[in-house]
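# Secondary and tertiary structure notes
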4 protein chains.
Amino acid sequence: MANSKYEYVKREFESDRSLPASNWIVVRIDGCHFHRFSETHDFEKPNDESALRLMNACATSMLEKFRDMVFAYGVSDEYSFVFREGTEFYQRRESKILSLCVSFFTSVYVMKWKDFFPSKELKEPPYFDGRVVCYPNLKTIRDYMAWRQVDCHINNQYNTCFWMLVKSGRTEKEAQQTLKGTFSKDKNELLLQQFQINYDDEPAIFRKGSCVYRAKVETKVKSDDHGNPITRTQSVTTVANVDIIGPQFWEKHQDILHEEK
Amino acid sequence: MANSKYEYVKREFESDRSLPASNWIVVRIDGCHFHRFSETHDFEKPNDESALRLMNACATSMLEKFRDMVFAYGVSDEYSFVFREGTEFYQRRESKILSLCVSFFTSVYVMKWKDFFPSKELKEPPYFDGRVVCYPNLKTIRDYMAWRQVDCHINNQYNTCFWMLVKSGRTEKEAQQTLKGTFSKDKNELLLQQFQINYDDEPAIFRKGSCVYRAKVETKVKSDDHGNPITRTQSVTTVANVDIIGPQFWEKHQDILHEEK
Amino acid sequence: MANSKYEYVKREFESDRSLPASNWIVVRIDGCHFHRFSETHDFEKPNDESALRLMNACATSMLEKFRDMVFAYGVSDEYSFVFREGTEFYQRRESKILSLCVSFFTSVYVMKWKDFFPSKELKEPPYFDGRVVCYPNLKTIRDYMAWRQVDCHINNQYNTCFWMLVKSGRTEKEAQQTLKGTFSKDKNELLLQQFQINYDDEPAIFRKGSCVYRAKVETKVKSDDHGNPITRTQSVTTVANVDIIGPQFWEKHQDILHEEK
Amino acid sequence: MANSKYEYVKREFESDRSLPASNWIVVRIDGCHFHRFSETHDFEKPNDESALRLMNACATSMLEKFRDMVFAYGVSDEYSFVFREGTEFYQRRESKILSLCVSFFTSVYVMKWKDFFPSKELKEPPYFDGRVVCYPNLKTIRDYMAWRQVDCHINNQYNTCFWMLVKSGRTEKEAQQTLKGTFSKDKNELLLQQFQINYDDEPAIFRKGSCVYRAKVETKVKSDDHGNPITRTQSVTTVANVDIIGPQFWEKHQDILHEEK
């Protein structure tokens, strides 16, 4: 099956860049033109819970599909996926990993759309871009996730204020002016004073974003002769809206980022 | 909106690699595990025309969506997209271009599935991987496309023989043995002698693959006072199953790969 | 000769990036901290002819050493070396090419120092940094060299004025102020009016920089029986201080950048 | 000072690749064609102590010149230099770091040649190639250095045997045959039986290679009024021919690879 004459275009021009070994690999996916997409599909502002749950369902499918993905964190139209430090997934080839992650995520997004928006038809193809970043140790990968969650907090607090102001009659420009230069506690104050909203009571999925990981769960599989339960430890892909900046979550789930020998 | 403490993870670890200027950019997309996917969905062998037409529809959407994409060539579960030499699409950033091409293609594939397979439900998420390759001049980009079409020919001729043998009662192993070491003309002979098939009469979409490009078309838009037609030149995204190895196609469509000044 | 246990550090972490095929490869070398180096060694201002001739001698050695280097252009403490478009020198591996070019140049620089500065001892190690850039076609590689020569002109004209002013008694600050915002013709005027210098009469090595290439030269090798000369075409590495922005030089020396088939 | 028309060749084609943060950076330098170079200059076989000491002197100059270089290990015509994990040397730009390290090393090599070979003239320019490799953590950087020292041992033991055999009258081919397939202890046995050489008594500079690092040294600077010495801790660049595979050296010199916070 020779096709010699033209094959040089592969040999001389293609190259397979591999990501450096012993680094955590992050693939971060981000909605393209989702501002318009969310308007076209009447997403609620500042957060559309169905849209977030659809994102979470896609992320769950990702972890169920790709064994070397150990953690995912999502907020708004963005999701970060973490491959374990020593993964040999596609020999760590960057293009392979990036393209198939983005593609699989997109595919599931379109397929599951009707489960989360049964009465809304997809009016245009949703699509995502992505990038790959390597983190060489526990500190930096933990800080990466903290960075995304701090970002989630900052954006969500701002957006919550902004849309309360708009819904109460301000123009978008006025809302922007009102919030300009305010600090975190000013925004909390504004929500409380003007709208009787305690920001901390807002749903955790909005405030904290979503974490996806495999949790070990004891399940009763049958009973023994004396009626005592016989259990088996199962790995269940789980979504949680919790703090991942502090150490508690990671101490409780040490196996997630357990460094390999 | 500062979140200073963790932002270093972006600044220090992310990088945006740009593709070199003055190079044709090819994004080649390839189905992941499509052997299994095609069995799960009962694709016809060796070619499922509906599946090919779905691929073509996705490629057409790509060219309609992305103005700097000037040509696409597809065969089987693979499609190559060519961006014009001087494109500044996303500042030629490799990850952006790769990820959003693969994602948009996948999205359209799932959305249009029911148009091409109205009675088959999607049983699993189809997904694709992709790669980006740069070609520095007309000769190499033309040779790239010739390479893919030669590949199409070689594979399709082999597969046509293989599946005729299998459908006529051989095992897959026997079919493989029969074809081992045969040349192109042996295969044509086999098809003719045993199955009365003239390979050149097979549908061009199987033998040649599919090209997608914008063709300039004269359209009558209205008539003048004397009843003479007033026409306008329109650019229409077109699919053709033609030879792109020889010079004829390219001479006829010089604007497609017209090098910029 | 196994040393298995630690060899993974090579396999998993080293990589050999190759430069894309069908591109002209430029290695540009630049003196590190040569401002100080030139003061330490009392280089004449604005141009030290011995120092320039030493640079040219090193460049000549480069072209004599590396057959696939077809052209070099130097100005001040900088030199650009052009490898032919299709070179397979070290399989086009970037690190190999960069490092050995910079190293060989440096080695010759130190070895030949005493030939050009017989009465000055080297007081500190001269060293250079370098970078590799690829140019995909004739236009861009020609424009690259034009860019360097335009730069040479701009800098040399400025420096000629600056040092004439300083030598005539201005402080460096005053000289800078005088030249701020002046155009090319203002500087020519200044040189003519204040110093009776016609800039075009300055030595070409200062104004044009230096080109190094192989010229074909007819040499008489012996005489035939009738006393007629028998000649042989030889390739002689040549230094010329000429314009390479316009087409004349390149038309006369077409073999230098002759694109390969 | 505009030269707009051609400047695009810089903007569009040059790029500055930075090495990933939080990684130890190794620059490994290797003599080009040093087999021939060592013959041209009559180096002693299997080891020329003057040549090794010249290499060590160059490495010492490197550590004295570049503050962020924390360690170097050399064997034969090869030297590895380690930059500290968090270095911002030239913003971690790969080409800068590679080129100037190789260049400075080469420059010192030529300048110091006469100190180590006072009666031998340099007959051709010595030059080196180099590469840059990143190691993400203490384990991998330690294993890198172990890899090089294991290599040193294997090669030196082989070469010691080989040259003893040749000096005792075998042809190079016979020597090769004799050693083919032998293990480490066979070679020790051979040296002992045939040449009464205890390999462990060979000079450490041959067996272990050379380490260069900064050692903290207490120096008496003056005396106080009572005649008691007043000392100051000084950092002195040191060469040692010691084991760096085991933990002892690193435990004793913890500051060398002390990970930064």
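Overview of the structure. (Residues numbered from 1 in each chain as written. Chains lettered and ligands numbered in written order. Predicted model: local features only at pLDDT ≥ 70, side-chain atom pairs only at ≥ 80, totals over all residues. Heavy atoms only, no water.)

### Structural notes on the overall build of chain A
Definition in use: Here a strand is any run of E in DSSP of at least two residues, a helix any run of H or I of at least four, and the numbering for each starts at the N terminus. The rule is simple: take the accessible area with a 1.4 Å probe, protein chains only, and divide by the maximum for that residue type; under 20% is buried, over 50% is exposed, in between is partly exposed. We call two residues in contact when some of their heavy atoms are within 4.5 Å. Where accessible areas are quoted, they stem from the Shrake-Rupley method and a 1.4 Å probe; at the residue level, only the protein chains shown are allowed to cover. Positive residues here are Lys and Arg, negative ones are Asp and Glu, while His and the chain termini are left out of the count. Every charge is mapped to an atom, namely NZ of Lys, CZ of Arg, CG of Asp or CD of Glu.
Secondary structure summary: chain A contains nine helices and six strands in total. Its C-alpha atoms give chain A principal-axis dimensions of about 70 × 70 × 40 Å. The burial tally for chain A puts 53% of its 261 residues in the buried class. Of the contacts formed within chain A by residues at least 6 apart in sequence, a portion of 71% connects residues at least 24 apart. As presented, chain A carries roughly 12600 Å² of accessible surface, and 48% of it is formed by carbon and sulfur atoms. Side-chain charges of chain A comprise 37 positive and 38 negative groups, with the mean position of each set lying 3 Å from the other.

### Observations regarding the interface of chain A and chain B
In plain terms, the rule: Buried area is calculated as the accessible area (1.4 Å probe) missing from two parts once they are joined, with the contributions of both summed. In the sections that follow, a salt bridge refers to a side-chain nitrogen of Lys or Arg positioned within 4 Å of a carboxyl oxygen of Asp or Glu. For the purposes of these results, a polar contact is taken to be a pair of N or O atoms within 3.5 Å, where, inside protein, one atom must be able to donate a hydrogen and its partner to accept one; residues adjacent in sequence count only when each atom of the pair is a side-chain atom. In this classification, Asp, Glu, Lys and Arg are treated as charged, Ala, Val, Leu, Ile, Met, Phe, Trp, Tyr, Cys and Pro as nonpolar, and every other residue, Gly included, as polar.
Contacts between the two partners involve 60 residues from chain A, matched on the other side by 60 residues from chain B. Of the roughly 4900 Å² buried between chain A and chain B, counting both surfaces, carbon and sulfur atoms make up 62%. Contact with chain B buries area across many residues of chain A, yet A:Y6, A:Y127 and A:W147 alone supply 13% of it, more than any other trio. Put simply, chain A and chain B have 10 salt bridges between them. Residue A:R28 pairs with B:E14 through a salt bridge whose shortest N-O separation is 2.9 Å. At the junction of chain A and chain B, the tally comes to 24 residue pairs in polar contact (both at pLDDT 80 or more). Of all the elements in the fold, those that place two or more residues in the side of chain A that touches chain B are α1 (4–13), α4 (94–116), β4 (128–135) and α5 (138–167) of chain A. Of the residues forming the side of chain A that touches chain B, the biggest block, 14 residues, is contributed by α4(A). Each residue belonging to the side of chain A that touches chain B can be placed in one class, and the counts come to 32 nonpolar, 11 polar and 17 charged.

### Observations regarding the relation of the copies chain D and chain B
Relating one copy of the chain to the other requires a rotation about an axis plus a shift along that axis. Worth spelling out the cut-off: When the copies are overlaid, the least-squares fit takes in C-alpha atoms only where the residue has pLDDT of at least 70 in both copies.
Expressed as a screw transformation, the operator carrying chain D onto chain B has a rotation angle of 180° and an axial translation of 0.1 Å, and the superposed copies differ by an RMSD of 0.1 Å. Taken together, the rotation and translation relating the two chain copies correspond to the operation of a two-fold axis. Minimal C-alpha distance to the rotation axis in chain D is attained by D:R17, lying at 4.2 Å.

### A look at the side chain of D:S103
Inspection of the secondary structure assignment puts D:S103 in helix α4 (residues 94–116). From its side chain, D:S103 meets the backbone nitrogen of C:F128 in a polar contact 2.8 Å long. In contact with D:S103, not counting residues within four places along its chain, are C:V102, C:T106, C:Y127 and C:F128.

### Comments concerning the relation of the copies chain A and chain B
It takes a turn of 180° to lay chain A on chain B, together with a shift of 0.0 Å along the axis; the resulting RMSD is 0.1 Å. Taken together, the interface assignments show that 100% of the residues at the interface of chain A recur at the interface of chain B, consistent with an identical surface on both copies.

### Observations concerning the interface of chain D and chain B
Across the boundary between the two partners, chain D contributes four residues, which contact four residues of chain B. A per-residue breakdown of the area chain D buries against chain B is headed by D:E12, D:F13 and D:A21, which together make up 78% of the total. Split into classes, the residues belonging to the side of chain D that touches chain B amount to two nonpolar, one polar and one charged.

### Some points on the pairing of strand β3 (residues 78–83) of chain D
Residues and elements named next belong to chain D. Put simply, the rule reads: Two strands qualify as a pair provided that DSSP identifies no fewer than 2 bridges between them.
Counting buried positions over the six residues of β3 gives six, a clear majority of the element. Here β3 shows no split at all, with E78, S80 and V82 on one side and Y79, F81 and F83 on the other all buried. Pairing between strand β1 (residues 24–31) and β3: six bridges, direction antiparallel. Across the sheet, the residue bridging to V26 is V82, located in β3. Pairing geometry for strand β2 (residues 69–75) and β3, over six bridges, is antiparallel. Counted as the bridge partner of F71 is V82 from β3. Between the end of β2 and the start of β3, which pair antiparallel, lie two residues, with S76 showing a positive phi angle near 55°.

### Some remarks on the pattern of salt bridges
Under the definition given, this model contains 64 salt bridges over all chains. The residue D:R131 makes a salt bridge to C:E14 at a minimum N-O spacing of 3.4 Å. Within this pair, whereas D:R131 is found in strand β4 (residues 128–135), its partner C:E14 is found in the loop between α1 (4–13) and β1 (24–31), the two belonging to separate chains. Assigned by exposure class, D:R131 and C:E14 land together as buried. Between D:R84 and D:D68 there is a salt bridge, with the nearest N and O atoms lying 3.3 Å from each other. Of this pair, D:R84 sits in the loop between β3 and α4 while D:D68 sits in the loop between α3 (49–65) and β2, and the two are 16 residues apart along the sequence. When its relative accessible area of 27% is taken as the criterion, D:R84 is described as partly exposed. One network of salt bridges, in which partners are shared, links A:K10, A:E14, A:D16, A:R93, B:R28 and B:R131.

### Digging into the sheet that holds strand β6 (residues 229–240) of chain D
In a beta sheet, neighbouring strands pair by backbone hydrogen bonds and run either parallel or antiparallel. So the rule is basically this: Axes here refer to lines fitted to C-alpha atoms; in helices the fit is confined to the stretch in contact. Angles between the N-to-C directions go from 0 to 180 degrees.
Strands sit in the order β4-β1-β3-β2-β5-β6 (chain D) across an open sheet of six strands; the sheet is antiparallel. Since the sheet does not close on itself, it has two edges, and those belong to β4 and β6 of chain D, each with one partner. Neighbour-to-neighbour, the strand axes of this sheet turn through a mean angle of 25°, independent of strand direction. Looking at chain direction, β1(D) and β4(D) are connected through eight bridges and run antiparallel. Note on β4(D): the bridge partner recorded for D:V27 is D:V132. Docked against the sheet, α1(C) engages β1 and β4 of chain D, running at close to 95° with respect to β4(D).

### Structural notes on the environment of B:D42
Residue and element names in this part refer to chain B. Structurally, the position occupied by D42 is in the loop between α2 (34–40) and α3 (49–65). Taking C-alpha positions, D42 is 9.1 Å from K120, a pair spaced 78 residues apart along the chain. Once residues within four sequence positions are removed from consideration, D42 is found in contact with D48 and K120.

### A look at the sheet that holds strand β1 (residues 24–31) of chain A
Residues and elements named next belong to chain A. Here six strands make up an open sheet; going across it, the order is β4-β1-β3-β2-β5-β6 and the pairing antiparallel. In this open sheet, the two strands that pair with only one neighbour each are β4 and β6 (229–240). Across the sheet, the mean angle separating the axes of adjacent strands is 25° when strand polarity is ignored.

### Considerations on the packing of aromatic side chains
Under the convention used in this document: Stacked, tilted and edge-to-face are the three classes assigned to paired rings of Phe, Tyr and Trp, where Trp is represented by its six-membered ring and a pair needs centres within 6.5 Å; plane angles under 30 degrees give stacked, over 60 edge-to-face, the rest tilted. Note on criteria: charge over ring means Lys NZ or Arg CZ within 6 Å of the ring centre, with the direction from the centre no more than 35 degrees off the ring normal.
The tally for this structure, following the rule as stated, stands at 120 aromatic pairs over all chains. Relative to A:Y213, the ring of A:F71 lies with its centre 6.4 Å away and its plane at 20°, an arrangement referred to as stacked. Placement of A:F71 in strand β2 (residues 69–75) and of A:Y213 in strand β5 (residues 210–223) is noted, with a sequence separation of 142 residues between them. An identical accessibility class is assigned to A:F71 and A:Y213; each is buried. Considering the side-chain rings of D:F249 and D:W250, the 4.9 Å spacing of their centres and the 90° angle between planes classify their relative orientation as edge-to-face. Taken as a pair, D:F249 and D:W250 share a single burial class, namely buried. A connected cluster of aromatic rings, assembled from ring pairs, spans A:F34, A:F37, A:F43, A:Y79, A:F81, A:F105, A:Y109, A:W113, A:F117 and A:F128. Sitting over the face of the ring of A:W147, A:R148 holds its NZ or CZ atom 4.2 Å from the ring centroid.

### Let's talk about the packing of α5(A) against helix α1 (residues 4–13) of chain B
Two measures define how a pair of helices packs: the angle their axes make with one another and the distance between the axes. Operational definition: We call two directions roughly parallel when the angle between them is under 35 degrees, roughly antiparallel when it is over 145, roughly perpendicular when it lies between 65 and 115, and oblique otherwise. Helix crossings get a hand from a simple test, with the near helix turned counterclockwise from the far one by less than a right angle marking a left-handed crossing and a clockwise turn marking a right-handed one.
It is at 7 Å that the axes of α5(A) and α1(B) come closest, and there the two elements cross at 115°. The angle between α5(A) and α1(B) places the two elements in the roughly perpendicular class. Where α5(A) crosses over α1(B), the handedness of that crossing is left-handed. The segment α5(A) lies against α1(B), with A:K139, A:T140, A:D143, A:Y144, A:A146, A:W147 and A:V150 engaging B:Y6, B:E7, B:Y8, B:V9, B:K10 and B:F13.

### Overview of the pairing of strand β2 (residues 69–75) of chain B
All names here are of chain B. The element β2 is extensively covered by neighbouring structure, given that seven of its seven residues are classed as buried. Of the strand pairs in this sheet, β2 and strand β5 (residues 210–223) are connected by three bridges, and their pairing is antiparallel. For A72, the partnering residue across the bridge sits in β5 and is V212.

### Side note on the packing of helix α5 (residues 138–167) of chain B against helix α7 (residues 184–195) of chain B
All names here are of chain B. Two elements in contact, α5 and α7, have axes separated by 10 Å at closest approach and are oriented at 30°. Crossing of α5 over α7 shows left-handed handedness. Each of H153, Q157, Y158, T160, C161, M164 and L165 in α5 lies in contact with α7, whose residues at this interface are S184, K187, N188, L190, L191, Q194 and F195. Looking at the contact of α5 with α7 residue by residue, the class counts come to seven nonpolar, six polar and one charged.

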